[in-house]
Amino acid sequence: DAGITQSPRHKVTETGTPVTLRCHQTENHRYMYWYRQDPGHGLRLIHYSYGVKDTDKGEVSDGYSVSRSKTEDFLLTLESATSSQTSVYFCAISGDIGTRAYFGPGTRLTVT
Amino acid sequence: QQPVQSPQAVILREGEDAVINCSSSKALYSVHWYRQKHGEAPVFLMILLKGGEQKGHDKISASFNEKKQQSSLYLTASQLSYSGTYFCGTEYSTSGSRLTFGEGTQLTVNP
């Protein structure tokens, strides 16, 4: 399995607080993705990165920001968490377009 | 732009076959297939690239029809272990593309 970890694995936070999720890889892969998964909605792309400091928005980017200052780390920040952001968040990595993606174990975030 | 998967759910008895479809309104470069068990991360099954091809391992195979921008996942002689949610993911070009997924197909295999 590819070396990809997410932290924290579980988090409960209150509405209005900032939250940062971390994705760390040891594969030196170029592409990194953040998805959220909610019942009935599959995997929805939030933001993705195609290189250090190169990021772009996905389908559901409102309320989220990302940063990638090193190849191995991709951070997802919720500036002011809302209950609608309660979800399971998956990070994924891939070496290039047309190559398989590896998923991290997921982070379960609850916003109360 | 998310690909469209069908059907949304399938219930099979062990040994039966199933087909899951994935379609796009844009020209595809690649189609990925993943399976996810409840409470776990998605696991890679296979990837098909532009050019139209068919791939498979064991009793699970897939095809990619470039003209129709469609892919189909074939599960034959289903086993209990095939149960889970199947996702297709798509990429549209070779530069700056992103991997987006359909809403998934829930497959249940009963004894």
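Refer to the structure printed above.
Cut-offs applied
- Residues numbered from 1 in each chain as written.
- Chains lettered and ligands numbered in written order.
- Predicted model: local features only at pLDDT ≥ 70, side-chain atom pairs only at ≥ 80, totals over all residues.
- Heavy atoms only, no water.
- Contact = heavy atoms within 4.5 Å.
- Buried area = accessible area lost by both parts, 1.4 Å probe.
- Polar contact = N/O pair within 3.5 Å; in protein donor to acceptor, adjacent residues only side chain to side chain.
- Helix = DSSP H or I, 4+ residues; strand = E, 2+ residues; numbered from the N terminus.
- Nonpolar A, V, L, I, M, F, W, Y, C, P; charged D, E, K, R; others polar.
- Disulfide = S-S within 2.5 Å.

Colleague: Mind showing me how you'd approach the interface of chain A and chain B here?
Modeller: Size of an interface, as often reported, equals the accessible area lost when the parts are brought together. Taken residue by residue, the interface counts 24 residues in chain A and 25 residues in chain B. Between chain A and chain B lies a buried interface of about 1,800 Å² when both sides are counted; carbon and sulfur atoms form 58% of it. Here chain A and chain B share five residue pairs in polar contact (both at pLDDT 80 or more) between them. If you list the elements that add at least two residues to the side of chain A that touches chain B, you get β4 (31–38), β5 (42–51) and β10 (101–103) of chain A. The element that contributes the greatest number of residues to the side of chain A that touches chain B is β5 of chain A, accounting for five residues. Looking at the side of chain A that touches chain B residue by residue, the class counts come to 11 nonpolar, eight polar and five charged.

Colleague: For this particular structure, what's the right way to read the state of the cysteines?
Modeller: Note on terminology: a disulfide is the covalent bond linking the sulfur atoms of two cysteines. All names here are of chain A. Overall, the coordinates contain two disulfides over all chains when judged by the stated rule. Note that C23 is cross-linked by a disulfide to C91, the S-S spacing being 1.9 Å. Taking the torsion about the sulfur-sulfur bond, which here is approximately -70°, the covalent link between C23 and C91 counts as left-handed. You can see C23 sitting in strand β3 (residues 19–25) and its partner C91 sitting in strand β9 (residues 87–94), a full 68 residues away along the chain.

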